[in-house]
Amino acid sequence: MDGILLAVIVIGGTGLLIGALLGIAGKILEVKVDEKEEAIREALPGNNCGGCGYAGCDDLAKAIAEGKAPVNACPVGGEVMVKAIGEVMGVDAKAVKLRAVIKCSGTCDKAPDKFNYNGNMSCREAMYISGGAKMCTYGCLGLGSCAEVCDKDAISIVDGIASVDKDKCMGCGKCAKACPRGIIEIIPEINEQYVGCSSHDTGKVVKSVCSVGCIGCKLCEKNCPAEAITVENNLPVIDYDKCVVCGICKEKCPVKCIK
């Protein structure tokens, strides 16, 4: 009987000692949680879509709390979310609505195919077959990998290329990541103009494979009053921080590839 009592006392005492040590260790090793970060994380939508450029909502919340990302960095949350995060951070900000644009205008009648393909295939797989069916090696492959990843059903394939419904698009960026040719760009919705071409070939080569491709003439660059366009490697690049949406670049473009 004494042996059993002694065993109970030893086991109980050991358990109490271990519990006490774990309690002390927990206090010493406790990870301090930033209350701002927690509040911001609660305000974020939880989509973890990566449209903000971070791995997910947790990473974005941490970046905002540390001042490394703006309070309106999430493209899908809307005004209510931005207001809530702004209150946490003590700043006044508005949501920046983003949308996806397809930097290709080569529909079936504008950019001919070099061969016909029948069957199921992703855009990335198609690139391994002679670079895809289109003669233009920069254009939309038209097989809908972008549409498959869109949660909002905002992308469809129309006349051989991807088309975005801007009323449905939330600017999350999933489509841009899915595009193996990188021809989908996420831009501020307020900036209506974008370059509907991705070719870096010279004008002569472009015209041989697409009737509406950019020929690198630089008329857009020369006539932009805000100096918001520069032609780099035969293709215009729009600086949306400078663009005043005047529409002059679109008017001057001889092939109308600025949309």
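Keep in mind the model is a prediction, meaning the values are calculated, not measured.

K.L.:
Would you explain the overall build of the chain in this entry?
P.N.:
Helix and strand content of the chain: 10 helices and six strands. The C-alpha radius of gyration of the chain comes to 27 Å, more than 25% above the 18 Å expected for a compact globule of 259 residues. Here the C-alpha coordinates of the chain stretch approximately 100 × 50 × 30 Å along the principal axes. Counting all 259 residues of the chain, 36% fall into the buried class. Sequence-distant contacts in the chain: of pairs separated by 6 or more residues, those separated by 24 or more amount to 58%. Put simply, the chain shows about 15000 Å² of open surface, and 56% of that area lies on carbon and sulfur atoms. The centroid of the 30 positive side-chain charges in the chain is displaced by 8 Å from the centroid of its 32 negative side-chain charges.

K.L.:
Got a minute to help me understand a negative patch on the surface in this structure?
P.N.:
Side chains of Asp 34, Glu 35, Glu 38 and Glu 42 sit close together on the surface and give a patch of like negative charge. Locating Glu 42 in the fold gives a position in helix α2 (residues 35–43). Of the residues examined, Glu 42 reaches a relative accessible area of 70% and is grouped as exposed.

K.L.:
Explain the pattern of salt bridges here, please?
P.N.:
Oppositely charged side chains are able to pair whenever their charged atoms sit close together. The tally for this structure, following the rule as stated, stands at seven salt bridges. As a salt-bridge pair, Glu 185 and Lys 103 come within 3.6 Å of each other at their nearest N and O atoms. Pair noted here: Glu 185 is in strand β4 (residues 184–188) and Lys 103 is in the loop between β1 (98–102) and α5 (123–126), with a separation of 82 residues, a long-range link. Classification of Glu 185 as partly exposed rests on a relative accessible area of 26%. By relative accessible area, which is 17% here, Lys 103 ends up buried. Asp 109 is paired through a salt bridge with Lys 110; the nearest N and O atoms lie 2.9 Å apart. What makes Asp 109 exposed here is its relative accessible area of 54%. Overall, the relative accessible area of 30% leaves Lys 110 in the partly exposed class. When salt bridges that share partners are traced, they join Lys 62, Glu 66 and Lys 68 into one network.

Reading guide: rules and limits
- Residues numbered from 1 in each chain as written.
- Predicted model: local features only at pLDDT ≥ 70, side-chain atom pairs only at ≥ 80, totals over all residues.
- Heavy atoms only, no water.
- Helix = DSSP H or I, 4+ residues; strand = E, 2+ residues; numbered from the N terminus.
- Rg over C-alpha atoms; globule rule 2.2 N^0.38 Å.
- Buried < 20%, exposed > 50% of the residue type's maximum accessible area, 1.4 Å probe, protein only.
- Contact = heavy atoms within 4.5 Å.
- Areas by Shrake-Rupley, 256 points an atom, 1.4 Å probe, with all protein chains shown as cover.
- Lys, Arg positive; Asp, Glu negative; His and termini not counted.
- Charge placed at Lys NZ, Arg CZ, Asp CG, Glu CD.
- Patch = residues over 30% accessible without salt bridge, like charges linked within 9 Å, V, L, I, M, F, W, Y side chains within 5 Å.
- Salt bridge = Lys/Arg side-chain N within 4 Å of Asp/Glu carboxyl O.

Limitation: the analysis is restricted to geometry and does not speak to function.
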